[in-house]
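Inside the fold
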Amino acid sequence: MQNKDIVITGMSGRFPMSDTVDEFAHNLYAGRDMITDDESRWPKDLLGINSRMGKIKNFKQFDSSFFGLMENMVDEWDPHGRILLEVVYEAIVDSGVNPQDLRGSQTGVYVGLSLYGMVDGLTEQIEPDLSAANETAMFQTMANMKTLNANRISYAFDFKGPSLIVDTACSASLSAMTLAVNDLLLGHVEGAIVCGAYMMFEPFLYQCQQSLNICSPRGVSAVMDESADGFVKGETVGAVYLRRRADARRIYATVLAARMGVDGNKTVGMFFPSSEAQEALMVRTYTDAGVDPRRLTYFEAHCTGTKAGDTQEVRAIYNAYCQRPGRTDPLPLGVLKDKIGHSEGGSGI
């Protein structure tokens, strides 16, 4: 059974003010606020938006020929689509494996990506009698089909396992992780690439969410704080490479269990979180893993900086890990979002 343990064997990512995992770690250990106020996305006075946001610095360079891809199609991709290929390559190399050695393998690709409908738009005018116009329209529409964010990875690396997008809103990349772990446990794949991505280029969306206090009008990520007035957006494109322990050359961590669920019907409404449902899922998961909750030494929370969400989650954590098992020692609780913002579908990875 030990040889079938699932481990994280490689990782890579782009984060606010951080081009690598090591740089990200350095910024975290230094206590640096990676939420910046600048004009790298849109003018600072646009639409009254508070432009404080966690932004990926470098996203405009990409070597399409390195991945054997058509340059005119790559030019139409969203930036996160190009970065996903880079971080997947780096995560595999980080595991001590040559990506060429995985060609033709049953490696699965699972990409967590939260999407907003009707923000991409379509080509304004297509001239069907001009072949060049048809080709441009095809590249603009087909190249940005969100389903292809996973399929492009499988194509470029010649992976033959499952290749899919998972969109469960802010839990998307951890839902993708759960599916990958289950496929490994069932023996459906030899290894799994799990990705999470979120980048922000639509200012009107941020304007609407700030005006409704979904996002903080102050641009302050006040996670688990009384002053919280909404979350701050933060960009992330990351990847982890999962393999069975016997096949891994490097081990960062062991994945003991992965579960997911949903609240079901609630009298308080669909969008208000349920601490009871979260607590039940936590208990099922650590029971599956065979972990005594009293031995837990740190809990990385999802808390985003909203009064409703943070309160319900902390209550669930307390009930599941402290009150229920009779914990007497303090349980350290933290969240990276106070330094980088909330990267929505990419936040789990």
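Residues numbered from 1 in each chain as written. Predicted model: local features only at pLDDT ≥ 70, side-chain atom pairs only at ≥ 80, totals over all residues. Heavy atoms only, no water.

Things to note about the nonpolar core
Of all hydrophobic cores here, the largest spans 31 residues; its most connected members are Leu85, Ile92, Ile153 and Phe157. Those elements giving two or more residues to this core turn out to be α3 (79-94), β4 (107-113), α5 (148-157), β6 (191-198) and β7 (236-244). Ranked by the residues each element gives to this core, the list is headed by α3, at 7 residues. Residues within four places of phenylalanine 157 in sequence aside, it is in contact with Phe67, Leu85, Val88, Tyr89, Ile92, Pro99 and Arg103. With 16 residues, the next largest nonpolar core counts Val181, Ala192, Val194 and Val240 among its residues. (Core = buried A, V, L, I, M, F, W, Y, C linked by side-chain atoms within 4.5 Å. Buried < 20%, exposed > 50% of the residue type's maximum accessible area, 1.4 Å probe, protein only. Helix = DSSP H or I, 4+ residues; strand = E, 2+ residues; numbered from the N terminus. Contact = heavy atoms within 4.5 Å.)

Comments concerning the packing of aromatic side chains
Tallied over the full model, the rule gives 12 aromatic pairs. Centroid distance phenylalanine 66 to tyrosine 89: 5.1 Å. Interplanar angle 80 degrees. Geometry classified as edge-to-face. In this pair, phenylalanine 66 is assigned in the loop between β3 (52-53) and α2 (71-74) and tyrosine 89 in helix α3, connecting sequence segments 23 residues apart. Of the residues examined, tyrosine 89 reaches a relative accessible area of 29% and is grouped as partly exposed. Each ring, one from phenylalanine 157 and one from phenylalanine 159, has its centre 5.4 Å from the other, and the planes form 10 degrees; the classification is stacked. One exposure class covers both phenylalanine 157 and phenylalanine 159, and it is buried. A network of ring pairs unites the aromatic residues Phe62, Phe66, Phe67, Trp77, Tyr89, Phe157 and Phe159 as a single cluster. Across from the ring centre of tryptophan 77, 3.9 Å away, lies the NZ or CZ of arginine 152, which sits over that ring. (Phe/Tyr/Trp six-rings, centres within 6.5 Å; stacked < 30°, edge-to-face > 60°. Lys NZ or Arg CZ within 6 Å of the ring centre and 35° of its normal.)

Here we look at the confidence of the model for the chain
Per-residue confidence for the chain averages 91 on the pLDDT scale, and 91% of its residues sit at or above 70. When mean pLDDT is compared element by element in the chain, strand β1 (residues 6-14) scores highest at 98, while helix α4 (residues 131-142) scores lowest at 65. (pLDDT = per-residue confidence, 0-100.)

What to know about the pattern of salt bridges
What the rule picks out here adds up to 18 salt bridges. For arginine 52, the salt bridge identified is with aspartate 33, shortest N-O distance 3.2 Å. A residue pair is termed long-range when its members are at least 10 positions apart, and arginine 52 in strand β3 and aspartate 33 in the loop between α1 (21-29) and β2 (36-37) qualify at 19 residues. Close ionic contact of aspartate 229 with arginine 218 constitutes a salt bridge, the shortest N to O distance being 2.9 Å. With aspartate 229 in the loop between α7 (203-211) and β7 and arginine 218 in the loop between α7 and β7, this residue pair connects regions lying 11 residues apart in the sequence. (Salt bridge = Lys/Arg side-chain N within 4 Å of Asp/Glu carboxyl O.)

Describing the packing of helix α8 (residues 275-289) against helix α9 (residues 307-323)
Their axes nearest at 8 Å, the elements α8 and α9 cross at an angle of 40 degrees. Taken together, the axes of α8 and α9 are oblique relative to one another. In this structure, the crossing between α8 and α9 has a hand that is right-handed. Judged by residue contacts, Ser275, Gln278, Glu279, Met282, Val283 and Tyr286 of α8 engage Gln312, Glu313, Arg315, Ala316, Ile317, Asn319, Ala320 and Tyr321 from α9. Tallied by class, the residues present in the contact of α8 with α9 amount to 7 nonpolar, 4 polar and 3 charged. (Axes fitted to C-alpha atoms, helices over the stretch in contact; angles between N-to-C directions. Parallel < 35°, antiparallel > 145°, perpendicular 65-115°, else oblique. Left-handed = near helix turned anticlockwise from the far one by under 90°. Nonpolar A, V, L, I, M, F, W, Y, C, P; charged D, E, K, R; others polar.)

Digging into the state of the cysteines
Applying the stated criterion across every chain yields a total of 0 disulfides. Lacking any disulfide linkage, cysteine 208 is separated from the closest cysteine sulfur, that of cysteine 215, by 10 Å. This cysteine, cysteine 215, is not joined by any disulfide, and cysteine 170 carries the nearest cysteine sulfur, 9.8 Å off. Here cysteine 215 falls in the buried class, since its relative accessible area comes to 0%. (Disulfide = S-S within 2.5 Å.)

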